[in-house]
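# Examining the three-dimensional arrangement
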Amino acid sequence: MFTAVFGSVESGLIYAIMALGVYLTFRILDFPDLTVDGSFVTGAAASAILIVNGVNPFIATLIALVIGFLAGCITGVLHTKGNINPLLAGILMQIALYSINLRIMGKANVPLLQEETVFTHLLEGWNKLGIDAALQQLFVSIGLEGFVPKTWSIVITMLLVIIVIKYLLDYFLKTEVGLAIRAVGDNQTMIKSFSANTDMLKIVGLGLSNALVAFSGAIIAQYNGFSDVGMGIGLIVVGLASVIIGEALVGKKTIVRATIAVIIGAIVYRLIVALALRVNFLETGDMKLITACIVIAALIIPQIVDKQKGKRKKSLRVGRGV
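Below: a short report on this structure.

About the cut-offs
- Residues numbered from 1 in each chain as written.
- Predicted model: local features only at pLDDT ≥ 70, side-chain atom pairs only at ≥ 80, totals over all residues.
- Heavy atoms only, no water.
- Helix = DSSP H or I, 4+ residues; strand = E, 2+ residues; numbered from the N terminus.
- Buried < 20%, exposed > 50% of the residue type's maximum accessible area, 1.4 Å probe, protein only.
- Contact = heavy atoms within 4.5 Å.
- Areas by Shrake-Rupley, 256 points an atom, 1.4 Å probe, with all protein chains shown as cover.
- Lys, Arg positive; Asp, Glu negative; His and termini not counted.
- Charge placed at Lys NZ, Arg CZ, Asp CG, Glu CD.
- Core = buried A, V, L, I, M, F, W, Y, C linked by side-chain atoms within 4.5 Å.
- Expected span 1.5 Å × (residues − 1).
- Polar contact = N/O pair within 3.5 Å; in protein donor to acceptor, adjacent residues only side chain to side chain.

### Focus on the overall build of the protein
Within the protein, the regular secondary structure consists of 13 helices and two strands. In terms of overall dimensions, the protein has C-alpha extents of about 65 × 55 × 40 Å along its principal axes. For the protein, the proportion of its 322 residues judged to be buried stands at 45%. At a minimum sequence separation of 6, the contacts of the protein that also span at least 24 residues come to 78%. Roughly 16,400 Å² of accessible area belongs to the protein as shown, and the carbon and sulfur atoms make up 66% of that amount. Mean positive and mean negative side-chain charge positions of the protein (25 and 18 charges, respectively) differ by 14 Å.

Written as structure tokens, this is what we have:
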């Protein structure tokens with residue numbers, strides 16, 4: 001049980017990077033970008049094929065990030081310069097990326113189990129520090145030997161990575177360009193009146209979003225040990241679930257709080273899925289159904305809670321004779 005929970009936290013931290021990308025388009029830009037399902041796989045495919053061909057996994061992961069940025073920019077160009085509906089532009093790019101991803105990999109699946117990845121390098125360096133042995137000894141001494149994971153390297157490293165990404169995103173959204181991108185999402189007509197190049201701001205915003213998504217895809221491919229052409233199907237719903245769950249639990253009053261909410265939402269989503277799959281009548285194939293149910297619950301429950309609060313306030317006012 002503890003192993004499943006710990007694994008969910010690990011994967012949740014990696015998927016949180018993707019969720020931050022989804023947050024950037026859906027909440028900041030107010031752009032329903034479905035490119036995510038394709039750019040996630042593009043990041044995975046690019047990094048996997050580069051690693052197989054002997055490229056350093058860290059460089060391969062950064063190249064995947066750049067390719068994701070370009071994919072997002074193309075979606076932005078289709079919308080802004082081609083005057084294509086945002087939803088349709090994302091769908092068109094998603095479809096195009098499916099074929100591109102197959103071209104990149106040369107086949108539907110690229111295994112990485114025998115290759116050096118960022119995690120194999122990480123584990124080598126981590127083992128030299130002796131932190132796992134010390135933590136294992138500590139847990140055994142307090143009678144929790146069954147709760148010791150094989151290594152803490154992934155969860156601690158990914159925690160540091162997501163903190164850095166969150167800080168950079170928070171900082172960027174407070175810069176002049178970041179504020180302008182936020183303004184485009186809030187009121188495009190107003191920001192246009194200040195002679196801002198809204199088209200370029202949208203393109204940059206979509207590029208950054210898909211860069212984060214592709215970066216997450218590259219890390220997930222190395223974490224899972226393979227890249228598959230179908231690994232991004234329905235991922236946009238996973239990203240939205242993370243955003244919605246996080247906002248429901250933490251709130252979204254400020255950018256700093258909202259990005260924390262997205263990270264927590266991604267971890268909570270993975271924990272819910274892991275626990276749901278332990279129910280006897282549910283199977284691995286029910287994952288998409290579980291995701292849909294989680295999103296529906298995350299959307300409906302806050303509305304019910306708000307309505308109940310409104311009724312209570314109204315009854316109190318009536319009781320006071322206001």
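We are not done yet, so read on.
### Considering the nonpolar core
Within the largest apolar cluster, 75 residues are counted, with the highest numbers of intra-cluster contacts made by Ile17, Met18, Leu20 and Phe40. Take this core: its biggest share by element is 14 residues, from helix H1 (residues 2-28). Among all residues touching Met18, those that are not within four sequence positions of it are Phe40, Leu212, Val213, Ser216, Leu235, Val238 and Gly239.

### A look at helix H3 (residues 57-80)
Between the first and last C-alpha of H3 there are 35 Å, a value that for 24 residues agrees with the 34 Å anticipated at 1.5 Å per step. Residues of H3 that are buried include every one of Pro57, Ala60, Thr61, Ala64, Gly68, Ala71, Gly72, Cys73, Thr75, Gly76, His79 and Thr80, and no others. As for H3, its buried residues are in contact with helix H2 (36-52), helix H4 (86-105), helix H5 (118-129) and helix H10 (198-224). For H3, the N-terminal cap is Asn56; the gap from its side-chain oxygen to the backbone nitrogen of Phe58 is 2.8 Å.

### Topic: the side chain of Thr42
Among the secondary structure elements, Thr42 is positioned in helix H2. Those residues in contact with Thr42, other than ones at most four positions away along the chain, are Ile67, Leu97, Asn101 and Ile104.

### Comments concerning the environment of Thr254
Along the chain, Thr254 falls in the loop between helix H11 (235-250) and helix H12 (255-276). Considered as a pair, Thr254 and Asp170 are 84 residues apart in the sequence and their alpha carbons are 9.9 Å apart. Within the structure, the side chain of Thr254 is placed 3.2 Å from the backbone nitrogen of Arg257, a separation counted as a polar contact.

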